Amino acid sequence: EKGTASQGRKAILVPELEAMLRALPAGLPGLRDRALLLTGFAGAFRRSELVSLEWRDLEFRDAGVVVTLRHSKTDQEGQGRSVAIPKSSKAHRCPVRALLEWRAGSLAEEGEAEGGPVFRPFGPQLRLLPGRLSDKAVARVIKRSLEACGRDASEYSGHSLRAGFATAAAMGGAPEHLIMTQTGHRSAASLRRYIREANLFLHNASDYTGL
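Read on for an overview of the structure. Since the model is a prediction, treat every value here as computed from it, not as a measurement.

### Comments concerning the packing of helix α6 (residues 160-171) against helix α7 (residues 176-183)
Piece 1. At a minimum axis separation of 10 Å, α6 and α7 run at an interaxial angle of 160°. In terms of axis orientation, α6 runs roughly antiparallel to α7. α7 is crossed by α6, and the crossing has right-handed handedness. Across the interface between the two elements, R162, F165, A166, A169 and A170 from α6 touch I179, Q182 and T183 from α7.

The following block contains the structure:
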């Protein structure tokens, strides 16, 4: 009504993600946060979807990992859907490698059989706790990693990984239907809210002016 533009939170693109990964702490907390950031980005997951994952939902294959989402915001019937996350040729930012390293590290810490939530919290003295990470904790991991690499975390949110995947894929020229397969969007109109920044320069009308 007053003519003010909507100010959304920034998307985390690959350069920002790279910087965040470099700034992660050593040890088990760093392994967890690396797996969380890369899986959240590559799977275009919501925070609630990330923290709902259990190891039984992950099927590791030669080409990558297939993640089964048993419930999500747009799946009210609980039918579930599968999201494929391919391996990356760049080891330091491969989500599949990060998940495997986190699994090996967390199981060695616990000395028990694999099972339970994928992403778990740490307690005093960095002891791995039972139960699952909260969705608010995911946002804290994202903001802490941004601050560690000198970014203004207030410009981002827990949704910035998901928005970053959609934006980066659109900037790379990915068709909308392929992006929607990964993000789980049911309508292109909803998806376009994520990729509006990418579309400012993708197929811009100025390209046809000869300027």
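The structure having been displayed, the exposition proceeds.
### Remarks on the pairing of strand β3 (residues 81-86)
Piece 1. Of the two faces of β3, only the one carrying R81, V83 and I85 is buried; S82, A84 and P86 on the other face are not.
Piece 2. One ladder, built from six bridges, connects strand β2 (residues 64-69) with β3; its direction is antiparallel. Across the sheet, V66 pairs through a bridge with A84, a residue of β3.

### Re the layout of surface pockets
Piece 1. Counted as a void, the second largest pocket has a volume near 300 Å³.
Piece 2. Looking at the lining of the second largest pocket, the elements with two or more residues in it are α1 (14-22), α2 (27-42) and β3.
Piece 3. Tallying contributions element by element places α2 first for the lining of the second largest pocket, with three residues.
Piece 4. Each residue belonging to the lining of the second largest pocket can be placed in one class, and the counts come to eight nonpolar, one polar and three charged.

### Here we look at unusual backbone geometry
Piece 1. With phi around 55°, A44 is a residue other than glycine that occupies positive phi space.
Piece 2. The topology assignment puts A44 in the loop between α2 and α3 (47-52).
Piece 3. Looking at A44, the relative accessible area reads 0%, which means it is buried.
Piece 4. With a phi angle near 60°, Q125 is a residue other than glycine that sits in the positive phi range.
Piece 5. A relative accessible area of 82% means that Q125 is categorised as exposed.

Parameters and conventions
Residues numbered from 1 in each chain as written. Predicted model: local features only at pLDDT ≥ 70, side-chain atom pairs only at ≥ 80, totals over all residues. Heavy atoms only, no water. Axes fitted to C-alpha atoms, helices over the stretch in contact; angles between N-to-C directions. Helix = DSSP H or I, 4+ residues; strand = E, 2+ residues; numbered from the N terminus. Parallel < 35°, antiparallel > 145°, perpendicular 65-115°, else oblique. Left-handed = near helix turned anticlockwise from the far one by under 90°. Contact = heavy atoms within 4.5 Å. Buried < 20%, exposed > 50% of the residue type's maximum accessible area, 1.4 Å probe, protein only. Pairing = 2+ DSSP bridges. 1 Å grid on protein atoms, 1.4 Å probe; cavity = no way out; pocket = protein on both sides within 12 Å on 5 of 7 lines; lining within 4 Å. Points joined across faces, edges and corners; volume = space filled by probe spheres on them. Nonpolar A, V, L, I, M, F, W, Y, C, P; charged D, E, K, R; others polar.

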